[in-house]
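Listed below are the residues making up each chain.
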Amino acid sequence: MLKVDNLHTYHDYLHVLKGIHFELNEGEILAILGSNGAGKSTLLGTLAGVYAPREGNITFKGEDITQDGVQKVVSKGICLVPERRQIFNSISVRDHLLLGAYHRYKRDKKTIQQDYENVIEMFPRLKQMLDRPGGLLSGGEQQMLAIGRGLMARPQVLMLDEPSLGLAPLIVRDIMGILRRLCEEMGTTIILVEQNVKAALKVADRACVLAHGRIEISGTAEELMQDSSIQEAYFGKSKKAKKAT
Amino acid sequence: MDRTDLKKIYNNSLAGPLIFAGVLFLLPFVVQSNYILSIMIMIGFYALLCNGLTLLMGYAGQISLGHAAFYGIGAYMSAYLSAKMGLSPWLGMLAGMILAAIIAYIVGIPIFKLKGHYLALATLGFGVIVYTAFKELKDFTGGLNGFFGIPTISLFGFEFNNDFRFYYLIWLFVILGILFSRNIIHSRIGRALRSIEGSEVASDAVGVNIMKYKLQVFMLSAMFASLSGSLYAHYITFINPNLFDVMTSIYLLIMVVIGGASSIWGSVIGAAVFVLLGEILKSVVPLVFPNAGGEFEIVFFGLLLVVTLIYMPNGLSPQLEKLIARFRRNKELVPAPVAAGRDGVESGGDQS
């Protein structure tokens, strides 16, 4: 469905992504892991059309979208839920959701009402606060709203940048559960950038670890969960301790 | 109201504008004073202008310190076409609006690459350039001597040549402007504008074409300013560049902030407060400070701006809305909401 081939992205003179390759199938969840500065957000930004890559190709359903801007990418069905949620403080929950469907008004206006109802059914907590400004929502509610806003675009590929950032573990579990439901019930393909490795690997089908702009490790989520270097780097389990067990 | 029906989410009732129009209609019959009418007409000019500026500043979050330039462009264009070329003032107004929109588009492309203070400075610079052009293009504008002999407006032989008649004309435009702006705000475009004001990153992420909307709203606000300027020129029948200098742009900004940039009604409130306080100051200050010059206004309005920003950063209109809501609640005697506390806190996610 989505194919990324030899992607190189720069921020001015800084070479951030250094030849990224991966393929993503429909209805799959791909977790992208890595430390700060590894290039995770830049990768999502490049896929979303925010940054134009200098080299490489992005193909979506056989169509080259490498140089497409954000508006084109969104209208083709790839939507980014940006880092730190980026909720509009003074805009109501309802208007947030409608903004998510912004680019659909010319194409399929009739289905917006149905999708709106589906989203508030998926996030019942939002239904109780449709008139409330986004700035007055808790962190978890804001994350739900950000995902709901993304869903209103009817994305085939939904990309989330650190959705668990600053949230309580129970809320993180809820959010990850919603992502799994989206994938299974609606067939949405998800790219999840996370620093919460445990939560990400639990929900993902496949994962890759990004370091210094390159994919260092990739495989199924289960494989990565067992990978000794991942265990050592992210779960604090040393090789010695592992041997002892 | 069905909270999930998207066709019913905005209060598009005409009750508010109709009551407002009714009060305005009756006012000249109740208060038979040309002085009051002339003040109301001035409020109308500024309200019309600030209506567009509110869309730009309050909704799209883009500051402009050069809007007096568009006010002047409309005034001079309409004045020139009607007085020197003998065209209908209505055509002059239309031409002024088109010219203002074109200039806004040309100027907007480079300046909307800037943000915050830099954008403010760029618009200020634009205002200074246009003001200088008004002074120096003497063949066209008459320079500092001014432009004389601007004809009054007429429609099918009916002349708007006195305060009573002009009062209805200007306020008709104001009400139409308010209804037009309200429709924009309650549409997909309005949501896009507010998203730009909220966060350009998120706005971009949902696919809003930020530059396009910034340009469009800048052009629209320029057209409002131009229309107001044209009407002003045909009312006063004499204009000079000092009416469109940088201070006028700053006064416009003060009106929008005091009235409340987040509400279209704020433009009317801000204009009314500005004009009425100006009139009060003119009569009170000479009594208190007999030697005071004409510059006391800017000191007073500067202070008022600072006080407003500290104590009412959203301006007067939200305060007024709160008052109206409280009045309605008291009137309807609504019982305490029984649903309160039934906060079933349903989890949004999979509980497995």
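None of these values were measured; they are calculated from a predicted model. (Residues numbered from 1 in each chain as written. Chains lettered and ligands numbered in written order. Predicted model: local features only at pLDDT ≥ 70, side-chain atom pairs only at ≥ 80, totals over all residues. Heavy atoms only, no water.)

1. Quick notes on helix α11 (residues 246-259) of chain B
All names here are of chain B. The line we're drawing: In this text, helices come from DSSP runs of H or I with a minimum length of four residues, and strands from runs of E with a minimum of two, each type numbered from the N-terminal end. A helix is expected to reach a length of 1.5 Å times the quantity of its residues less one. Working definition: with a 1.4 Å probe on protein chains only, accessible area under 20% of the residue-type maximum means buried, over 50% means exposed, and in between means partly exposed.
Over its 14 residues, α11 runs 20 Å from end to end, which matches the ideal 20 Å to within 8%, given 1.5 Å per residue. Burial runs high along α11: eleven of the 14 residues are buried. Here α11 has its buried residues at T248, S249, Y251, L252, L253, I254, M255, V256, V257, I258 and G259. G260 sits one or two positions beyond α11 and adopts a positive phi of about 115 degrees.

2. Considerations on the packing of helix α1 (residues 15-30) of chain B against helix α7 (residues 163-185) of chain B
Residues and elements named next belong to chain B. This is how it is decided: Here an angle of 0 to 180 degrees is reported between the N-to-C directions of two axes, which are lines fitted to C-alpha atoms, with helices fitted over the stretch in contact. If an angle is under 35 degrees, it is roughly parallel; if it is over 145, roughly antiparallel; if it lies from 65 to 115, roughly perpendicular; otherwise it is oblique. Note on contacts: a residue pair is in contact if any heavy atoms of the two residues lie within 4.5 Å. Three categories are distinguished: nonpolar for Ala, Val, Leu, Ile, Met, Phe, Trp, Tyr, Cys and Pro, charged for Asp, Glu, Lys and Arg, and polar for the others, with Gly belonging to the last.
At their nearest, the axes of α1 and α7 sit 11 Å apart, and the two run at 170 degrees to each other. The orientation of α1 relative to α7 falls into the category roughly antiparallel. Where α1 approaches α7, its residues P17, F20, A21, L24, F25, L27, P28 and F29 are matched on the opposing element by F164, Y167, Y168, W171, I175, L179 and R182. By residue class, the composition of the contact of α1 with α7 is 14 nonpolar, no polar and one charged.

3. Some points on the packing of aromatic side chains
Residue and element names in this part refer to chain B. How we decide: Any two of the Phe, Tyr and Trp rings considered here, Trp counted by its six-membered ring, make a pair once their centres fall within 6.5 Å; the pair's planes then place it as stacked at under 30 degrees, edge-to-face at over 60, or tilted in between. In our convention, an over-ring charge means Lys NZ or Arg CZ found within 6 Å of a ring centre and within 35 degrees of that ring's normal.
Evaluated as defined, the whole model comprises 31 aromatic pairs over all chains. Note on F20 and W265: the rings are 5.1 Å apart at their centroids and 85 degrees apart in plane angle, and the pair reads as edge-to-face. Here F20, found in helix α1, pairs with W265, found in helix α12 (residues 265-288); they are 245 residues apart in sequence, far enough to count as distant. Aromatic pair Y251 and F301: ring centres 6.0 Å apart, planes at 75 degrees, arrangement edge-to-face. Taken together, the positions of Y251 in helix α11 and F301 in helix α13 (residues 296-311) put the pair 50 residues apart, joining distant regions of the chain. Like Y251, the residue F301 is buried in the burial classification. By the ring-pair criterion, three or more aromatic residues cluster together here, those being F45, Y71, Y76, F134, F147, F166, Y232, Y235 and F244. The positively charged end of K84 is found above the aromatic ring belonging to F147, 5.4 Å away from the centroid.

Honestly, that's just the spatial picture; any functional story needs more than this.
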